[in-house]
Amino acid sequence: SSRTMSLLSQLEKLNLDSVLGEADNARYVTSKILQLVQSQEKTRKEMTSKGSTGIEVILSTLEVKPFNLCSYGYIASFCFISGLCGGRRASVLVTKGGTQILLQLLLTASKDSPPNEELMVLLHTLLAKIGPKDKKIGMKARINGALNISLNLVKQNLQNHKLILPCLQVLRVYSTNSVNAVALGKNGVVELMFKIIGPFTKKNTSLMKVALDTLAALLKSKTNARRAADRGYVQVLLTIYVDWHRHDSRHRYMLIRKGVLQCIKSVTNIKLGRKAFIDANGMKILYNTSQECLAVRTLDPLVNTSSLIMRKCFPKNRLPLPTIKSAFHFQLPVIPASGPVAQLYNLPPDVDDVVDESDDNDDTETESELETENDDDKDQHFKNDDIETDINKLKPRQELGRPIEELKMYEQFFPELSENFQEYDLVSKEPKPFVPDANLSGPIVVPTAGVE
């Protein structure tokens, strides 16, 4: 404990020194801190405990001395990754301003030509760990200009799986913001994802899983979903799903198959995507694959997701159904020779006679809709006008079925409801009127005889 505090105090003093030659001393101190963090859980707890300044010192080191990233910031960043990024500790880093400092460090490191690969891997790994704990990380990345750094790294290093894996994890975090998803889609990220997921292969399945999760997050944007549907990627997704379904006979890659279904589910949220799904014979494909998965209980998530997609994409018709698409036939008593009912009955069997206006106005997703970043705050104050909140109105009104005058004939059977009971004062031995306690739920009857 004293050793850790001594090293942190030395590092804090070095942060105040502006001499560039002190970088070697700083590297030595951070390497010692790294050894303690890696070897002792007690050190990790101490640096993240309440009242400790360990995280502030290391963050200020990254912020104050970014002049030698490869030797100095490299080790300081690795101190975080080695043991300060799990669970509650990630939240501590966010509250201390770690996200902003790491994004600035990423921007500075990207200016090197070529950028240091190991430093990029470390920074993206750290951002991927603390990103889910910071709700504003997407907005911060866009404001700092760090949004396209990860995307450019993926474009330039498609064969370097060690580098693009943490980059894809960061892009997945960025894509939860709809404005970022639209901006990344305009820069070709959807097409890039399809280059990565490719056909069936058992190599780099972890990269495949992350790429599918990133693509599913991106396709939640209607703009990106429309782009994918226009370019025929719905057919590609169905082909990939069938390919994995046939080769994964032992069901070891269920998460990858589910990731493909999640991408299809996101695309079919728009009308154009549902049409592309029907045209690609997706209904038959998912139905047949689901039938083959029913015998294996572990594949229930695939069956459930496939059922949701098929229910969403199946043509909708109004009742009564005069076609073979229904097992029941409801015949109207009178059908006019002309009119809307006759037009519906004359439609071909495969026509969707329910007008779908769910995405007729879906062009509102632009970079200017910054208000989406405050959706969480709006949801907390959202009120549904259809829900009655007045307790008095919610209580049913109890009305007597007969007037009170007619009910007086029953008073003799219930004297406790009408007679004025009295109790004796134990001191004066005189009767006094009974007054029920307002705090009690019902009247208390005190006998008028036998009181001593």
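Nothing here was measured: the structure is a model prediction, and the numbers come from that model.

With that out of the way, let us pick up unusual backbone geometry. If you check the backbone angles, asparagine 204 has positive phi at about 55° while not being a glycine. Tracing the backbone shows asparagine 204 in the loop between helix H13 (189-197) and helix H14 (205-218). Since its relative accessible area comes to 36%, asparagine 204 is described here as partly exposed. The phi dihedral of histidine 251 is positive, around 60°, even though this residue is not glycine. Relative to the assigned elements, histidine 251 resides in the loop between helix H16 (233-247) and helix H17 (254-267).

What follows is about the packing of H13 against H16. For any two helices packed against each other, one specifies the crossing angle of their axes together with the interaxial distance. The interhelical angle for the contact between H13 and H16, taken along N-to-C directions, is 20°, at an axis separation of 12 Å. With respect to each other, H13 and H16 are oriented roughly parallel. Remark: the crossing between H13 and H16 carries left-handed chirality. Here Val190, Glu191, Phe194 and Ile197 of H13 lie close against H16, whose contacting residues are Tyr233, Val236, Leu237 and Ile240. For the contact of H13 with H16, a count of residues per class yields seven nonpolar, no polar and one charged.

So, about the pattern of salt bridges. Scanning the model with the defined rule gives seven salt bridges in all. Note that arginine 172 and aspartate 213 form a salt bridge whose closest N and O atoms lie 3.4 Å from each other. Note that arginine 172 is positioned in helix H11 (residues 161-174) and aspartate 213 in helix H14, a separation of 41 residues in sequence. We classify aspartate 213 as partly exposed; its relative accessible area is 21%. With a shortest N-O distance of 3.0 Å, lysine 275 and aspartate 279 are connected by a salt bridge. In this pair, lysine 275 and aspartate 279 are both assigned in helix H18 (residues 271-279), four residues apart and thus about one turn of the helix distant. When sorted by exposure, lysine 275 lands in the same class as aspartate 279, which is exposed.

Residue placement: valine 154 occurs in helix H10 (residues 147-156). Residues valine 154 and leucine 192 lie 38 residues apart in sequence; the distance between their C-alpha atoms is 8.4 Å. If sequence neighbours within four positions are ignored, valine 154 has contacts with Ile164, Cys167, Leu168, Leu171, Leu192 and Ile196.

Listed as buried for helix H15 (residues 222-230) are Thr223, Asn224, Ala225, Arg227, Ala228 and Ala229. Along its buried surface, H15 packs onto helix H12 (178-186), H13, H14, H16, H17 and H18. Glycine 232 sits one or two positions beyond H15 and adopts a positive phi of about 80°.

Turning our eyes to something else, we now look at the confidence of the model for the chain. One rule of thumb: low pLDDT means the predicted coordinates there are not for detailed reading. Taken over all residues, the pLDDT of the chain has a mean of 75, while the share at 70 or more is 65%. Below a pLDDT of 50 lies the segment residues 438-452, which in the model reaches 10 contacts outside its immediate sequence neighbourhood of four places, other chains included.

Before going further, it helps to spend a moment on the nonpolar core. The biggest cluster of nonpolar side chains holds 86 residues, and the ones touching the most others in it are Leu168, Tyr174, Ile197, Leu215, Leu237 and Phe277. If near-sequence neighbours (up to four positions away) are discounted, leucine 237 is found in contact with Phe194, Ile197, Leu215, Val260, Cys263, Ile264 and Val267. Grouped together as the second largest cluster of nonpolar side chains are 11 residues, Leu8, Leu14, Ala26 and Ile58 included.

Cut-offs and rules
- Residues numbered from 1 in each chain as written.
- Predicted model: local features only at pLDDT ≥ 70, side-chain atom pairs only at ≥ 80, totals over all residues.
- Heavy atoms only, no water.
- Helix = DSSP H or I, 4+ residues; strand = E, 2+ residues; numbered from the N terminus.
- Buried < 20%, exposed > 50% of the residue type's maximum accessible area, 1.4 Å probe, protein only.
- Axes fitted to C-alpha atoms, helices over the stretch in contact; angles between N-to-C directions.
- Parallel < 35°, antiparallel > 145°, perpendicular 65-115°, else oblique.
- Left-handed = near helix turned anticlockwise from the far one by under 90°.
- Contact = heavy atoms within 4.5 Å.
- Nonpolar A, V, L, I, M, F, W, Y, C, P; charged D, E, K, R; others polar.
- Salt bridge = Lys/Arg side-chain N within 4 Å of Asp/Glu carboxyl O.
- pLDDT = per-residue confidence, 0-100.
- Core = buried A, V, L, I, M, F, W, Y, C linked by side-chain atoms within 4.5 Å.

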